[in-house]
Amino acid sequence: MNSQPTHPIHVRIDQIERLLMFDYDPSTEDALFDIVDPSGRIVKTGDVNGPVTRVRITDLEGEEYFLMVLDGELSTVKPIHLRRAV
């Protein structure tokens, strides 16, 4: 059985502009992302606009979330921390 290679996702937070940016070059045209809170609720969703996708996060209240990228058969999840040192 072949294992799917994982695509690394590099996440940056622009605290001034309140943007989450992540580097991901999708392999399908209909790749999507979800930002999920610790309870499992999807709080943001949208299209992956590789190689860099920008998401406004002014309306997110918490600090701990998960970024999930759905790219064809591949699903990648990365924990994100919106406020490391504020």
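Please read these numbers as outputs of a predicted model, since none were measured by experiment. (Residues numbered from 1 in each chain as written. Predicted model: local features only at pLDDT ≥ 70, side-chain atom pairs only at ≥ 80, totals over all residues. Heavy atoms only, no water.)

**A closer look at the overall build of the protein**
How we decide: A run of H or I in DSSP counts as a helix once it spans at least four residues, and a run of E counts as a strand once it spans at least two, with each numbered from the N terminus. For each residue, the accessible area found with a 1.4 Å probe, counting protein chains only, is set against the maximum for its type, and the residue is called buried under 20%, exposed over 50%, and partly exposed in between. Residues count as neighbours in contact if any of their non-hydrogen atoms are within 4.5 Å of one another.
Assigned secondary structure in the protein consists of zero helices and seven strands. Moving toward the C terminus, one meets the helices and strands of the protein in the order β-β-β-β-β-β-β. Going through the 86 residues of the protein one by one, you find that 34% of them count as buried. Within the protein, contacts between residues at least 6 apart in sequence are counted, and of these 50% link residues at least 24 apart.

**A look at the packing of aromatic side chains**
To be explicit about the condition: Any two rings among Phe, Tyr and Trp, with Trp reduced to its six-membered ring, count as a pair given centres within 6.5 Å; such a pair is stacked if its planes are under 30 degrees apart, edge-to-face if over 60, and tilted if neither.
Enumeration according to the criterion identifies one aromatic pair in this entry. Relative to F33, the ring of F22 lies with its centre 5.7 Å away and its plane at 70°, an arrangement referred to as edge-to-face. Placement of F22 in strand β2 (residues 19-23) and of F33 in strand β3 (residues 32-36) is noted, with a sequence separation of eleven residues between them. In this structure F33 comes out as buried when scored by relative accessible area, which is 5%.

**Quick notes on the sheet that holds β2**
Short version of the rule: At least two bridges found by DSSP between two strands are what make those strands a pair. Only the contacting stretch of a helix is used when fitting its axis, a line to C-alpha atoms as for every element, and angles between N-to-C directions run 0 to 180 degrees.
The antiparallel open sheet is built from three strands, whose spatial order is β1-β2-β5. With one partner strand each, in any of the chains shown, β1 (10-14) and β5 (52-56) form the two edges of the open sheet. Taken over all neighbouring pairs, the strand axes of this sheet differ in orientation by 20° on average, direction set aside. The pairing of β1 with β2 spans five bridges and is classified as antiparallel. Its bridge partner being in β2, R12 is matched across the sheet by M21.

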